[in-house]
Amino acid sequence: MNAAPLASPRLQRVLTLLKDGRPHTTRDIVRRARVMAVNACIAELRFHGAEIICQAQIVNGARRFYYTMTKAPKE
């Protein structure tokens, strides 16, 4: 996998958001971390050692994905 360096500003914004250990929707991550390819960012953080759970839930008839980091990557 070609992952961006962990020091990448894009990955650092997502990491900062997920460090609270709470679930965040794809939309929340897009807005608050200012990234577009959330699934790619999550894959790159996992490559660097982060443990991130993705859970799909149906909310008001629409499927939403929630990402929760349970272990941060080694920086």
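Residues numbered from 1 in each chain as written. Predicted model: local features only at pLDDT ≥ 70, side-chain atom pairs only at ≥ 80, totals over all residues. Heavy atoms only, no water.

Attention now moves to the pattern of salt bridges. If charged atoms from side chains of opposite charge come close, those side chains can pair. The tally for this structure, following the rule as stated, stands at four salt bridges. The partner of Asp20 in a salt bridge is Arg22, and the shortest N-O contact between them spans 3.8 Å. Taking the relative accessible area as the measure of exposure, Arg22 reaches 53% and is therefore exposed. The closest approach of N and O atoms between Lys71 and Glu51, which form a salt bridge, is 4.0 Å. Of this pair, Lys71 sits in strand E3 (residues 62-71) while Glu51 sits in strand E2 (residues 51-59), and the two are 20 residues apart along the sequence. On the accessibility criterion, Glu51 (41% relative accessible area) is partly exposed. (Salt bridge = Lys/Arg side-chain N within 4 Å of Asp/Glu carboxyl O. Buried < 20%, exposed > 50% of the residue type's maximum accessible area, 1.4 Å probe, protein only. Helix = DSSP H or I, 4+ residues; strand = E, 2+ residues; numbered from the N terminus.)

Now for the sheet that holds E2. Here we have three strands laid out as an open sheet, ordered E1-E3-E2, and antiparallel in their pairing. Of all strands in the sheet, those bounded by a partner on one side alone are strand E1 (24-25) and E2. Note: E2 against E3, nine bridges, orientation antiparallel. Bridge pairing in E3 places Gln57 opposite Arg64. (Pairing = 2+ DSSP bridges.)

Regarding helix H2 (residues 26-33), the residues found buried are Asp28, Ile29 and Ala33. Down the axis of H2, the buried side of the element spans an arc of 100°, and every buried residue falls inside it. Looking at H2, the residues exposed on the side facing more than 90 degrees away from the buried face are Arg27 and Arg31. On its buried side, H2 packs onto helix H1 (9-18), E1, helix H3 (38-47) and E3. Backbone geometry just downstream of H2 places Arg34 in the positive-phi region, at approximately 55°. (Arc of directions from axis to C-beta. Contact = heavy atoms within 4.5 Å.)

Here the focus is the side chain of Thr25. Along the chain, Thr25 turns up in strand E1. Looking at Thr25, its side chain comes within polar contact range of the main-chain nitrogen of Asp28, at 3.0 Å. (Polar contact = N/O pair within 3.5 Å; in protein donor to acceptor, adjacent residues only side chain to side chain.)

This paragraph deals with unusual backbone geometry. Its identity as a non-glycine residue notwithstanding, Arg34 has a phi of 55°, on the positive side. Relative to the elements of secondary structure, Arg34 occurs in the loop between H2 and H3.

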